[in-house]
Amino acid sequence: MSSEPVLRLHGVAKRFGARTVLRGITAQVTSGAIVSLVGASGSGKTTLLRCLNGFESIDAGQIRIAGHLVEPGPSDAALTRLRADVGMVFQDYQLFPHLSVLDNLCLAPQVVRKLPRADAEKRARALLEQVGLGDRGKSRPSELSGGQKQRVALARALAQDVRLLLLDEPTSALDAGTRDEVVRILRELVKRAARPLTVVLVTHDLHLAETLSDEVWTLVDGSLASAGA
Amino acid sequence: MKQRGELRWGGDLQGGEPYVFEDEAHPGKLRGFEVEIADALARELGVRAKFMQNDWSNLVPALERGDFDVILNGLEETPERRARLRLSAPYYTYGETLAVRAGAKYTSLADLTGKRVGTLNQTVAADILKASPLEIVLYEGQQEPYMDLAKGRTEAVLLDHVIADRYGCVLKELRCLPGDVARGHYVLGIGKNAPALQDALNAALASLHQRGELQRILVGWKLWDARQKPAENPAAAAATAGPIVDEPVASAPVAAAAAEPPPPARHFGAGHALLFLQGALITLLISALSFALASPLGMALATLRLYTGRPGRWLAATYVELFRGTPLLLQLYVLYFGLADVVRLSPMTAAVLGLALNYGAYEAEVYRGALSSVPTGQTEAARALGLNRWQALRYVVFPQALRTALPAVTNDFVALLKDSSLISVITVVELTKRMTILAVELRDWLTPGLMCAALYFAMSFPLARWARRIERRLEPSQAPVAASTPLPGNT
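Residues numbered from 1 in each chain as written. Chains lettered and ligands numbered in written order. Predicted model: local features only at pLDDT ≥ 70, side-chain atom pairs only at ≥ 80, totals over all residues.

## Focus: the overall build of chain A
Tallying secondary structure elements over chain A gives seven helices and ten strands in all. For 229 residues, the compact-globule estimate of 2.2 N^0.38 gives 17 Å, and chain A sits close to it at 17 Å. Classification of the 229 residues of chain A by burial places 46% in the buried group. Of the contacts formed within chain A by residues at least 6 apart in sequence, a portion of 68% connects residues at least 24 apart. (Helix = DSSP H or I, 4+ residues; strand = E, 2+ residues; numbered from the N terminus. Rg over C-alpha atoms; globule rule 2.2 N^0.38 Å. Buried ≥ 20, exposed ≤ 12 C-beta atoms within 10 Å, placed from the backbone. Contact = placed C-beta atoms within 7 Å.)

Shown next as structure tokens:
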């Protein structure tokens, strides 16, 4: 694990209308770490996660992610570049139902990175093997179970060799057995990533936060109450 | 015209026998006394005659926009037409014949006060009836007024004796009253700006008179009768327009023609079937072309409306409301006749464009609904992967929306296939127009009607089946995987 910070937040603030959701968050994450964001509903943890890939624009402060600088009022093009280095897994996965599992993984490498189909497919197949779905490449998302969808979503987010992986409530919809399986796979993925992979995840599950993460950040009313292992 | 080497003359085949109609023995070949007059006139002028099909009620505007050089199709001499066009000397004198049901007691127009009387739209007969205290019923084809009269839907029909003798008086349920209600002349209509052509045609007509060729043609078509005498003296002919004589000059030859055995029963033959297929092909071609334009237009409008700023949204919404909120028929008229001074579109181009512009508005709404039905999470997922706004639409939103839209889009194509019958008003002879032409020719609406219906069905039904198959193939749950791989280089 490298000790160089891959993610730095400085005075990050966010308002929705009159309501302040994030109040000057300053923190940093070393490369290769897994960080859990916990806190009560409405504490701002999901908003913070969405600020990290530009889904929410910040009103003050700055975020540095693997060479990208995010400030208030970024350009669409800058955000598109940022997102090629930041993967995200949604709470409800949002796999593309009209594409096969393999095509779900190949889409971004082909369209964004302009990788030839053969290269994209090779990488995608390797990832599917890693998440234990090597034989499901031709399936449609609708043919998969919840846990399988979660694993495809993980693989899709990692298909572009991202530096930072964001997970929104990765286990909330899974039963305990499936959850442990996903956790095991996630650890494996971080360990075997081609480039050092840093993970920030939002969760309600304190057990998951403690067993999986190197650090747990607790958000209280838009401020970072604690940051530590 | 000289340069072109053609005398282009406009008429409507739906007018049928004896004016201009398709030879039933040789479908596609034209016959009729006006065909022979046109040929004779063209010979006099040293050019060839070329027939231009045009809806009868639009002959005047079509002449004005330059679709042809003259109107030669039972065009009656009236003060209004004289004011609007240049008219030639008469080539035929007709009498207005009143037909009633065989048992009816009516003896003149005066007996019909307050009754329903049928005639053709835009004729002198219609003008006469409008001036009388009775209820006028207007038709577009010359057989329908007599059918309705026989069925008791009207009490009488007033029309030129040329039509009455062939379509009315021969029916056993009907009786034609002796004597003409009025007399008038068929003339050629010529553009206001073509005085030289008017002079040339008048000279040619005079020459045909002198050489007896006109008489020969009219005799050949059993149209020569006592009414034609004054026509030999153009001065006398010009004086006879308007409601006049009720004298029974109604001519031996006419009576002879009517007394002859009715024309042999006409049957639907292979040649007719071929003409129908031709009409169906034109319908299909125009529908396919216009839908191929309407679909991307609709997609563009929907995209503009959903994903752009205020001016784009306003533009798209205005377009949709404008084209959806006004009749397709009106749009076709404006495109073809209204804009004729600005841009001279061919009938086919105007038809395809008119249908495409109109249906584009409907497709825009279909696609707007379909695009909105794709969850925003899908766009977010695509953007999270680094796809830009356009790529997210192109690879994630559009393919899913297309599947949602398919049933409605298929529906619209079938509707367009049928709406395309409206383009006959701008002179395209498609399937429905072909049906009406043949129905008049065969004196039968049932066989051509069924044939026409069968052809429309034969086009729309396989389409619906095919669309259902595509739909099933796009269905996420049951789709065979090989079916859709929209990624670049993925074939």
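## A look at the interface of chain A and chain B
Taken together, the 27 residues of chain A in the interface contact 28 residues of chain B. Elements with a minimum of two residues in the side of chain A that touches chain B: α2 (76-83) and α3 (101-111) of chain A. Ranked by the residues each element gives to the side of chain A that touches chain B, the list is headed by α3(A), at six residues. Here the side of chain A that touches chain B is built from residues that sort into twelve nonpolar, eight polar and seven charged. (Nonpolar A, V, L, I, M, F, W, Y, C, P; charged D, E, K, R; others polar.)

## Some remarks on the packing of helix α11 (residues 270-307) of chain B against helix α14 (residues 347-372) of chain B
Residues and elements named next belong to chain B. With their axes 5 Å apart at the nearest point, α11 and α14 run at an angle of 40 degrees to one another. Comparing the axis directions of α11 and α14 gives the class oblique. The element α11 and its partner α14 pack so that their crossing is right-handed. In terms of residue class, the contact of α11 with α14 is built from 20 nonpolar, five polar and three charged. (Axes fitted to C-alpha atoms, helices over the stretch in contact; angles between N-to-C directions. Parallel < 35°, antiparallel > 145°, perpendicular 65-115°, else oblique. Left-handed = near helix turned anticlockwise from the far one by under 90°.)

## Re the domain arrangement of chain A
Residue and element names in this part refer to chain A. Each assigned domain of chain A is listed with its residue range as follows: domain 1 (1-85 + 165-229) and domain 2 (97-161). For domain 1 and domain 2, the distance between their C-alpha centroids amounts to 23 Å. The partner domain 2 presents 14 residues to the 15 residues of domain 1 that form the contact. Top contributing element to the side of domain 1 that touches domain 2 by residue count: helix α6 (residues 176-192), with eight residues. Its residues assigned to classes, the side of domain 1 that touches domain 2 shows ten nonpolar, one polar and four charged. (Domains from an automatic or database assignment.)

## Describing the domain arrangement of chain B
For chain B, the assigned domains read domain 1 (6-90 + 188-242 + 250-255), domain 2 (92-183) and domain 3 (270-483). Centre-to-centre separation of domain 2 of chain B and domain 3 of chain B, based on C-alpha positions: 43 Å.

## What to know about the pairing of strand β8 (residues 198-202) of chain A
All names here are of chain A. Judged by how many residues are buried, β8 sits mostly within the fold: five of five residues are covered. Burial along β8 is two-sided: T198, V200 and V202 and V199 and L201, pointing in opposite directions, are all buried. The sheet contact formed by strand β3 (residues 34-38) and β8 spans four bridges and is parallel. By the bridge assignment, I34 is partnered in β8 with V199. (Pairing = 2+ DSSP bridges.)

## What about the sheet that holds strand β2 (residues 19-30) of chain A?
Within a sheet, adjacent strands bond to each other through the backbone by hydrogen bonds, running parallel or antiparallel. Residue and element names in this part refer to chain A. With respect to topology, four strands assemble into an open sheet ordered β2-β1-β4-β5, the strand pairing being antiparallel. Edge positions in the sheet fall to β2 and β5 (68-70), since each has one partner strand and no second. Strand-to-strand twist across the sheet, computed as the mean angle between neighbouring axes with direction ignored, equals 15 degrees. Taken together, the five bridges between strand β1 (residues 5-16) and strand β4 (residues 60-65) define a ladder with antiparallel strand orientation. By the bridge assignment for β4, L9 is matched with I63.

## With respect to the nonpolar core
In this structure, A:L37, A:V200, B:A99 and B:L158 are the most contacted members of the largest nonpolar core, which totals 210 residues. Setting aside chain neighbours within four positions, we find B:A99 in contact with B:Y146, B:L149, B:A156, B:V157, B:A164, B:G168, B:C169, B:L174, B:R175 and B:C176. (Core = buried A, V, L, I, M, F, W, Y, C linked by C-beta atoms within 7 Å.)

## Some thoughts on the environment of A:R19
Residues and elements named next belong to chain A. Tracing the backbone shows R19 in strand β2. For R19, a count of 9 C-beta atoms within 10 Å puts it in the exposed group. Sequence-wise, R19 and A66 are 47 residues apart; in three dimensions their C-alpha atoms are separated by 30 Å.

## With respect to unusual backbone geometry
Backbone torsion omega between B:E17 and B:P18 reads -5 degrees, so that peptide bond is classified as cis. Despite not being glycine, A:A66 shows a phi value in the positive range, around 45 degrees. Tracing the chain through its elements places A:A66 in the loop between β4 and β5. Residue classification places A:A66 among the partly exposed positions, given that 17 C-beta atoms sit within 10 Å. A positive phi is found at A:D221, a non-glycine position, where the angle reads about 50 degrees. Relative to the helices and strands, A:D221 resides in the loop between β9 (215-220) and β10 (223-228).

## Observations regarding the environment of B:Q53
For B:Q53, the location among the structural elements is in strand β4 (residues 48-53). Separated by 44 residues in the primary sequence, B:Q53 and B:W9 place their C-alpha atoms 8.6 Å from one another.

## Description of α14(B)
One turn of an α-helix holds 3.6 residues; hence residues three or four places apart share an orientation. All names here are of chain B. Taking 1.5 Å of rise per residue, 26 residues should cover 38 Å, and α14 covers 37 Å from first to last C-alpha, within 8% of that figure. Approximately 30 degrees is the largest bend angle found in α14, and it occurs at G360. Within α14, 20 of the 26 residues are buried, which leaves the element mostly enclosed by the surrounding structure. (Expected span 1.5 Å × (residues − 1). Bend = angle between axes of the 7 residues up to and from the residue.)

## Here we look at the sheet that holds β4(B)
All names here are of chain B. Spatially, β4-β1-β5-β13-β6 is the arrangement adopted by the five strands of the open sheet, whose pairing is mixed. Each edge of the open sheet carries a strand with a single partner, namely β4 and β6 (86-87). The sheet contact formed by strand β1 (residues 6-11) and strand β5 (residues 70-71) spans two bridges and is parallel. Pairing of W9 across the sheet is with V70, part of β5. Along the sheet, helix α1 (residues 33-45) contacts β1 and β4; its crossing angle with β1, the most-contacted strand, is approximately 155 degrees.

## Quick look at the environment of B:D67
All names here are of chain B. In this structure, D67 sits in the loop between α2 (59-64) and β5. Distance in space between the C-alpha atoms of D67 and S287 is 23 Å, their sequence separation being 220 residues. Sequence-distant contacts of D67, defined by excluding residues within four places in its chain, comprise G10, M52, N54 and A62.

## Comments concerning helix α7 (residues 195-210) of chain B
Residue and element names in this part refer to chain B. Here α7 contains 16 residues, and its C-alpha end-to-end distance of 23 Å stays within 8% of the 22 Å for a straight helix at 1.5 Å per residue. If you check which residues of α7 are buried, you get L197, Q198, A200, L201, A204, L205 and L208. Buried residues of α7 fall within an arc of 165 degrees about the axis and therefore sit on the same side. Opposite the packed face of α7, turned more than 90 degrees from it, sit the exposed residues P195, A196 and Q210. Next to the buried residues of α7 lie α1, β5, β6, β13 (189-190) and α8 (213-220). Positioned one or two residues after α7, G212 has a phi angle of 75 degrees, which is positive. (Arc of directions from axis to C-beta.)

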